[in-house]
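Chains, contacts and geometry: an overview
Below, each chain spelled out in residue letters.
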Amino acid sequence: MIGRILAGRYKIIEPLGGGGMAVVYKGQDLLLNRYVTIKILRPEFTSDEEFVERFNREAKALASLSHPNIVNIYDVGKENDTYFLVMEYVEGRNLKDIIKDKPLGLRESVRIILQVALALGHAHQHGILHRDVKPQNIIITPEGIAKLTDFGIAGNVSSSTINNSKEIMGSVHYLSPEQAKGESLTFASDLYSLGVVFYELVAKRLPFTGDSPIAVALKQINDLPQPPSYFNKKIPSEIDRIILKLLSKKPEQRFNSAYELIAVLKRLDLPQEDSEDDHTMTIILDKNQLSDARSKKKLKPVGILAIAVLIFAVVGVLVYFLYNYLNVKEATVPDVRGLGIIEAKQKLVELGFQNINISSTYHDTIPKDKVISIDPMPGERVKVVRPIYLVVSKGKEIVLVPDVREKSIEDARVALENAGLAVGEISEIYDERLPAGTVIEQDPEPNTEIEKGSKIKLILSKGAKPAWVTVPDLLGKQIEEARKALQQSKLVLDDSIKEVDSIDYFAGQIVSQAPSPGSLVEEGSKIKVTVSRGPGPVRKSVLVTLEIPNDGNKHSVKIVVKDVRPSEVIAYANDSEEPGTVLEKEVFYYGKGKIKVYLDEIVIEEKEVN
């Protein structure tokens, strides 16, 4: 694989690693002369058409993301049986390796989680779930920038297709309870996984461990985690609350969005850590320096008095403010979630809260101008001077409907998903202009303002309207003979061929068909047939009698049998029958048939036999 050039552009340089779904290489974009990361889908997945289709669709959707905290996807392609992704090449180490070498401080941990939350917020805003948030998928650059990578393309890979048990164990520690139970995922699932990463960074350990992936998964579903401060006493209670909210078992009890989490993280006032203390300089004076210092000119009495007055003034101010702070009224934070802004503020003001800060975000279920969340949490007893933070709903996000007309259904689906919309009801009509599977019309029309998550109705082309043809008679024909007859009529033989016992047709002959012979159907329609297994008809006979005209001339006589045999059979033929004679001939036939008697090439008798 090393040295191979994909799509005439991407040269594979060296392996970087791999996972259950793909092998990862460092590569070079020969066109733009830059390093890239190339992910090649493992061969065991390329034969699964549904998986490959989903892989391509989601890769195209991910390629639309552009964010400084996301490893960007440049290209997706296929060469022969090789499916590949081309991504941004990032110098750095994954977060798991970094914390193995040296634990991070609290401020640095929050800074990284904030960056990953920004990445998730951007992805969620475009309707894209990550599905696999864990330290191994967070790369830290030499400049300290966190980059989220390895979005869960093509959905969840079943454990039966992954042979690396360490990888399974590594991922299950970060699974949300709904992932562990195999339920459908929401954006809150990514927030849970981010909460596990946050826990691991500050507590220096995972919230749940076990001897097997199943044991860990069961704990994710059933057990409540210890607060991180139980293992690290330096963790403030605000961090405890944030992490435990992220690790709520029910998705609706977590943060409503990544942006709500971001707002809370930005308001944190973290204590200074030992490693981050301002450096102070200790100066050691020798005896001579000390003597010189003592011999310096002493302050005058007026200067001493001025300094004493200043000190008393400062102390007085400090005592005044300290007294007022310690004697500030306390109140219980009310639950104003779901209330309108004016009513919520009124409740807070009535309790003495004055420092009320309001931010807003989109929300799928909470109406516009209603409170989504409040910080501190409802029920907490706090001083009324403490800042109160309300997050208010802007309602459902409004997006513009993209123009997907004249796009294939696959490209239309990707365009709609990138806009935060979905494909709705699909109908099909004939269209002379556009090929089958192409969008003719959409509802709503392009550039219409609509709520994010809405479904768009599409009308697809079925291609040009086919002509009508007559179904040929296939009875008694062999399969290949029938197939050729149908091809000549621009029809298709249905592959589901039934067999029945028959005493009217020989084995291999068609005994019935649908539609029936002579019916009018569209070009390209499938014709169903039933074939005989035998034993077939028995041979029968009939006596044919013919008086030859007595006109002095010899005559030609021919007797033809048309029965279930593939072609007509000439039972008797003579070009010189004597005039005035009587011809008697036993004629044999099978099943139902028709006997024709010709005199001088003219049919003079036609008889049905059974």
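Below, the structure is looked at part by part. These figures come from a predicted structure and were not determined experimentally. Within each chain, residue numbers correspond to sequence positions counted from 1 in written order. Local features are withheld for residues below a pLDDT of 70 in this predicted model, meaning they are given only at 70 or higher, and side-chain atom pairs are given and counted only at 80 or more; totals for whole chains, interfaces and linings count all residues. Heavy atoms throughout the structure, all of them, feed into the side-chain values; hydrogens and water do not.

**Observations regarding the overall build of the protein**
A tally of helices and strands in the protein yields 15 helices and 31 strands. Relative to its 610 residues, the protein shows a buried fraction of 41%. Whether two residues are in contact is decided by their heavy atoms, any of which lying within 4.5 Å being enough. Sequence separation of 24 or more characterises 66% of the internal contacts of the protein that already satisfy a separation of 6 or more. Note on areas: these come from Shrake-Rupley sampling with a 1.4 Å probe, and a residue is covered only by the protein chains present in the view. Counting every atom, the protein has about 34200 Å² of accessible surface; 52% of that belongs to carbon and sulfur. Here a strand is any run of E in DSSP of at least two residues, a helix any run of H or I of at least four, and the numbering for each starts at the N terminus. The buried label goes to any residue with under 20% of its type's maximum accessible area, the exposed label to any with over 50%, and the partly exposed label to all in between, with areas taken from a 1.4 Å probe on protein chains only.

**Concerning the sheet that holds strand β8 (residues 138-140)**
Note on sheets: strands pair through backbone hydrogen bonds, and any given pair is parallel or antiparallel. Across the sheet, which stays open at both edges, the three strands sit in the order β7-β8-β9 with antiparallel pairing between neighbours. Across the chains shown, the open sheet's two edge strands, defined by having one partner strand only, are β7 (93-94) and β9 (146-148). Note on pairing: two strands pair once DSSP finds at least 2 bridges between them. Strand direction decides the pairing type here: β7 and β8, joined by two bridges, are antiparallel. Paired with Arg 93 across the strands is Ile 140, a residue of β8.

**A look at the nonpolar core**
Put simply, a nonpolar core is a bunch of buried Ala, Val, Leu, Ile, Met, Phe, Trp, Tyr and Cys residues held in one set by side-chain atoms that sit within 4.5 Å of each other. In this structure, Leu 95, Phe 198, Ile 239, Ile 242, Leu 261 and Leu 265 are the most contacted members of the largest nonpolar core, which totals 65 residues. The domain limits used here are those given by an automatic or database domain assignment. Shared between two domains, this core holds at least three residues of each, these being domain 1 (4-88) and domain 2 (93-154 + 169-267). When sequence neighbours within four positions are dropped, the list of residues in contact with Ile 242 reads Phe 198, Phe 255, Leu 261, Val 264, Leu 265 and Leu 268. One finds Val 333, Val 384, Ile 388 and Leu 390 within the second-largest nonpolar core, a separate group that totals 16 residues.

**Observations regarding the sheet that holds strand β19 (residues 455-461)**
Overall, mixed pairing links the three strands, which are arranged β16-β19-β17 in an open sheet. Only two strands of the sheet have a single partner each, and these edge strands are β16 (422-429) and β17 (439-443). When strand polarity is set aside, the average angle formed by the axes of neighbouring strands in this sheet is 25 degrees. Here β17 pairs with β19 via four bridges, running antiparallel. Pairing of Asp 443 across the sheet is with Lys 457, part of β19. Angles shown run from 0 to 180 degrees and are taken between the N-to-C directions of axes, each axis being a line fitted to C-alpha atoms and, for helices, limited to the stretch in contact. Packing of helix α14 (residues 409-418) onto the sheet brings it into contact with β16, β17 and β19, and relative to β16 it is tilted by some 155 degrees.

**Here we look at the pattern of salt bridges**
Throughout this description, the term salt bridge denotes a Lys or Arg side-chain nitrogen within 4 Å of a carboxyl oxygen of Asp or Glu. Per the stated rule, a full pass over the model turns up 29 salt bridges. Taking the shortest distance from any N to any O, the salt bridge between Glu 608 and Lys 594 comes out at 3.7 Å. Linking Glu 608 in strand β31 (residues 602-609) with Lys 594 in strand β30 (residues 593-599), this pair joins segments that are 14 residues apart in sequence. Overall, Glu 608 belongs to the exposed group, its relative accessible area being 59%. Take Lys 594: its relative accessible area is 29%, and that puts it in the partly exposed class. Salt bridges sharing partners connect three or more residues here, namely Arg 9, Asp 29 and Arg 34.

**Brief notes about the environment of Leu 339**
Following the sequence through the fold, Leu 339 ends up in the loop between β10 (330-332) and α13 (341-350). Sequence separation between Leu 339 and Asp 369 is 30 residues; the distance between their C-alpha atoms is 8.4 Å.

**Points about the environment of Gln 478**
With respect to the helices, strands and loops of the structure, Gln 478 is situated in the loop between β20 (468-470) and α15 (479-488). Residues Gln 478 and Ala 507, 29 residues apart in the sequence, show an inter-C-alpha distance of 9.1 Å. Excluding residues that lie within four positions of it along the chain, Gln 478 makes contacts with Ala 507, Gly 508, Gln 509 and Ile 510.

**Some points on the packing of helix α4 (residues 106-125) against helix α7 (residues 187-203)**
Closest axis-to-axis distance for the α4/α7 pair is 10 Å, and the angle between their directions is 170 degrees. In this view, α4 runs roughly antiparallel relative to α7, as classed from their interaxial angle. By crossing handedness, the relation of α4 to α7 is classed as right-handed. In this structure, α4 uses Leu 106, Ser 109, Val 110, Ile 113, Val 116, Ala 117, Leu 120 and His 124 to contact α7, whose residues at the interface are Phe 187, Asp 190, Leu 194, Val 197, Phe 198, Leu 201 and Val 202. Looking at the contact of α4 with α7 residue by residue, the classes come out as twelve nonpolar, two polar and one charged. Oblique is the label for any angle not under 35 degrees, not over 145, and not in the 65 to 115 range, which are roughly parallel, roughly antiparallel and roughly perpendicular in turn. Left-handed describes a crossing in which the near helix is turned anticlockwise from the far one by less than a right angle; the clockwise case is right-handed. Gly falls in the polar group here, along with every residue not listed as nonpolar (Ala, Val, Leu, Ile, Met, Phe, Trp, Tyr, Cys, Pro) or charged (Asp, Glu, Lys, Arg).

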